[in-house]
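Read off the chains here:
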Amino acid sequence: MREDPPDTKTTPSSILEELSRSASTGTTGPDRSEPYEISLGSGTADERTRAEAVERELDELMERVNGALPTDEVAFDEAIVKENLDEILLMLIALHGETHGKELLSDLTHLFDAQLSPGTVYPCLHSLEEEGVLSMHAKVRTKEYSIADEGYVRGTVERAMVQHLAFGLLLYAFLPRL
């Protein structure tokens, strides 16, 4: 038997309030039992420490999302990840400060369970670089990307967030009609 959805007059605002509260206070849920590894090759101890800090921060962000929604765990459809790849990559690069494509592919797999090919991710990175949003620094065996235009990134991420929240609220408001 299908359960009736919660009252639409109170739940969406409480979900938004919880998301806002979680984002601003930094509260997190229980520790994840499956940490993921970032392949750093022969990185220095400082690079490994920075990568571990970013990994913890990414896990904490996902825990906040999971804790704020009335579901056990959020699962992202791979098509949604592909449609929002620019914003996701910008968020990941901003968190890392400077990172390379292989690390971004690892993050996409870990956080979103998305098995995207390099042929999907690298053209997106090159496009963002050509637009002046990202800076690319060629290293010996890799290219490192960093944010070049923080204002553009903030605006892009905020627009995507508002659009997704509005769409989610519209769908949620429609549920009682089914």
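S.K.: Looking at this structure, I do not really get the overall build of the chain. What am I missing?
M.R.: A tally of regular secondary structure across the chain gives seven helices and three strands. Start at the N end of the chain and walk to the C end: the helices and strands fall as α-α-α-α-β-α-α-β-β-α. Counting across all 178 residues of the chain, residues that qualify as buried make up 31%. Counting only contacts in the chain whose residues sit at least 6 apart along the sequence, the fraction spanning at least 24 positions is 62%. Put simply, the chain shows about 11600 Å² of open surface, and 53% of that area lies on carbon and sulfur atoms.

S.K.: Is there a simple way to explain the sheet that holds strand E2 (residues 134-138) in this structure?
M.R.: Whether parallel or antiparallel, the strands of a sheet pair through hydrogen bonds between backbone atoms. Pairing is antiparallel across the open sheet formed by three strands, whose spatial order is E1-E3-E2. Each end of this open sheet is capped by a strand with a single partner; those strands are strand E1 (99-100) and E2. Pairing analysis gives five bridges linking E2 to strand E3 (residues 143-147), with the strands arranged antiparallel. Residue pairing for E3: Ser 135 is matched across the bridge by Ser 146.

S.K.: Please clarify how the pattern of salt bridges should be interpreted in this entry.
M.R.: When their charged atoms lie close together, side chains carrying opposite charge are able to pair. Enumeration according to the criterion identifies two salt bridges in this entry. With a closest N to O distance of 3.8 Å, Lys 139 and Glu 98 form a salt bridge. Separated by 41 residues along the polypeptide, Lys 139 in the loop between E2 and E3 and Glu 98 in the loop between helix H4 (85-96) and E1 bring together distant segments of the chain.

Parameters at a glance
Residues numbered from 1 in each chain as written. Predicted model: local features only at pLDDT ≥ 70, side-chain atom pairs only at ≥ 80, totals over all residues. Heavy atoms only, no water. Helix = DSSP H or I, 4+ residues; strand = E, 2+ residues; numbered from the N terminus. Buried < 20%, exposed > 50% of the residue type's maximum accessible area, 1.4 Å probe, protein only. Contact = heavy atoms within 4.5 Å. Areas by Shrake-Rupley, 256 points an atom, 1.4 Å probe, with all protein chains shown as cover. Pairing = 2+ DSSP bridges. Salt bridge = Lys/Arg side-chain N within 4 Å of Asp/Glu carboxyl O.

Keep in mind these numbers describe shape, not what the thing actually does.
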